[in-house]
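Single-letter residue listing:
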Amino acid sequence: MKTVARLTEQSVIGEINSVLDTYPYQPYQQAFAIPDLRQELISFVIHRLPGFNSQITDIVLINDDDKFNSFHNKLSRHPLEQQLHLQTLIHQGISSIIRDKSDWISNYLGEIVEPNCQTSHWFG
């Protein structure tokens, strides 16, 4: 039996936005406004969802009954449990990326802020 389960990237992005809104602007929201880090977070979450093939981002093909049952057992049928699982993955991704890239983020955000904060040489 071939079953197609649609798990859209847009729903993951929407939930990421909701979760990030609960974090302070600096450094979390500011860091994940960087397109590369945002995409890394999206990939982190999507590739940890049960039944997702790492090469497919929005459609999961399940070819036989065993895989189908395994997929459904891993992904709860209760919407609240699904949302909590997704939020947990997002929190884990945020924590992991911030931890692993903290130096890069500090340097990147510092470069953005510093030009506006430098004193003017015009005053001597």
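This text follows the structure it describes.
All values derive from a computational prediction rather than experimental measurement. (Residues numbered from 1 in each chain as written. Predicted model: local features only at pLDDT ≥ 70, side-chain atom pairs only at ≥ 80, totals over all residues. Heavy atoms only, no water.)

A. Spatial organisation of the overall build of the chain. Check the secondary structure of the chain and you find six helices and two strands. Ordered by position in the sequence, the α and β elements of the chain form the string β-α-α-α-β-α-α-α. The buried share of the chain, reckoned over its 124 residues, is 31%. For the chain, restricting intrachain contacts to residue pairs at least 6 apart in sequence, the fraction spanning at least 24 positions comes to 78%. Accessible surface for the chain amounts to roughly 8,500 Å². Of this, 50% is attributable to carbon and sulfur atoms. (Helix = DSSP H or I, 4+ residues; strand = E, 2+ residues; numbered from the N terminus. Buried < 20%, exposed > 50% of the residue type's maximum accessible area, 1.4 Å probe, protein only. Contact = heavy atoms within 4.5 Å. Areas by Shrake-Rupley, 256 points an atom, 1.4 Å probe, with all protein chains shown as cover.)

B. Seen up close, the nonpolar core. Of all hydrophobic cores here, the largest spans 24 residues; its most connected members are I16, F32, V45 and I94. Mapped onto this core, the elements with two or more residues apiece are α1 (9-20), α3 (35-46), α5 (79-100) and α6 (102-117). If near-sequence neighbours (up to four positions away) are discounted, V45 is found in contact with V12, I16, L86, L89 and I90. (Core = buried A, V, L, I, M, F, W, Y, C linked by side-chain atoms within 4.5 Å.)

C. Seen up close, the pattern of salt bridges. In the structure shown here, the tally under the stated rule is two salt bridges. As a salt-bridge pair, E40 and K101 come within 3.4 Å of each other at their nearest N and O atoms. Of this pair, E40 sits in helix α3 while K101 sits in the loop between α5 and α6, and the two are 61 residues apart along the sequence. Across the salt bridge formed by R99 and D100, the nearest N and O atoms sit 3.7 Å from each other. (Salt bridge = Lys/Arg side-chain N within 4 Å of Asp/Glu carboxyl O.)

D. Up close: the packing of α3 against α5. Here α3 crosses α5 at 135°, and the two axes come no closer than 9 Å. The orientation of α3 with respect to α5, classified from their angle, is oblique. When the axes of α3 and α5 are compared, the crossing they make is right-handed. Side by side, α3 and α5 meet where L37, E40, L41, F44 and V45 of the first sit next to L86, L89, I90, Q92, G93, I94, S96 and I97 of the second. A class-by-class count of the residues in the contact of α3 with α5 yields nine nonpolar, three polar and one charged. (Axes fitted to C-alpha atoms, helices over the stretch in contact; angles between N-to-C directions. Parallel < 35°, antiparallel > 145°, perpendicular 65-115°, else oblique. Left-handed = near helix turned anticlockwise from the far one by under 90°. Nonpolar A, V, L, I, M, F, W, Y, C, P; charged D, E, K, R; others polar.)

E. Main features of the packing of aromatic side chains. One pass over the structure, following the stated rule, counts two aromatic pairs. Pairing Y23 with Y28 gives two aromatic rings, centres 4.9 Å apart and planes at 50°, and the pair type is tilted. A relative accessible area of 18% means that Y23 is categorised as buried. Taking the relative accessible area as the measure of exposure, Y28 reaches 25% and is therefore partly exposed. Over the face of the ring belonging to F44 we find R48, whose NZ or CZ atom lies 3.5 Å from the ring centre. (Phe/Tyr/Trp six-rings, centres within 6.5 Å; stacked < 30°, edge-to-face > 60°. Lys NZ or Arg CZ within 6 Å of the ring centre and 35° of its normal.)

F. Spatial organisation of the packing of α1 against α3. Close contact between α1 and α3 brings their axes to 10 Å; oriented N to C, the two are set at 115°. Viewed along their axes, α1 and α3 adopt a mutual orientation that is roughly perpendicular. Crossing hand, α1 versus α3: right-handed. In this structure, α1 contributes E9, V12, I13, I16, N17 and L20 to the contact, and α3 contributes R38, Q39, L41, I42, V45 and I46. Taken together, the residues that form the contact of α1 with α3 break down as eight nonpolar, two polar and two charged.

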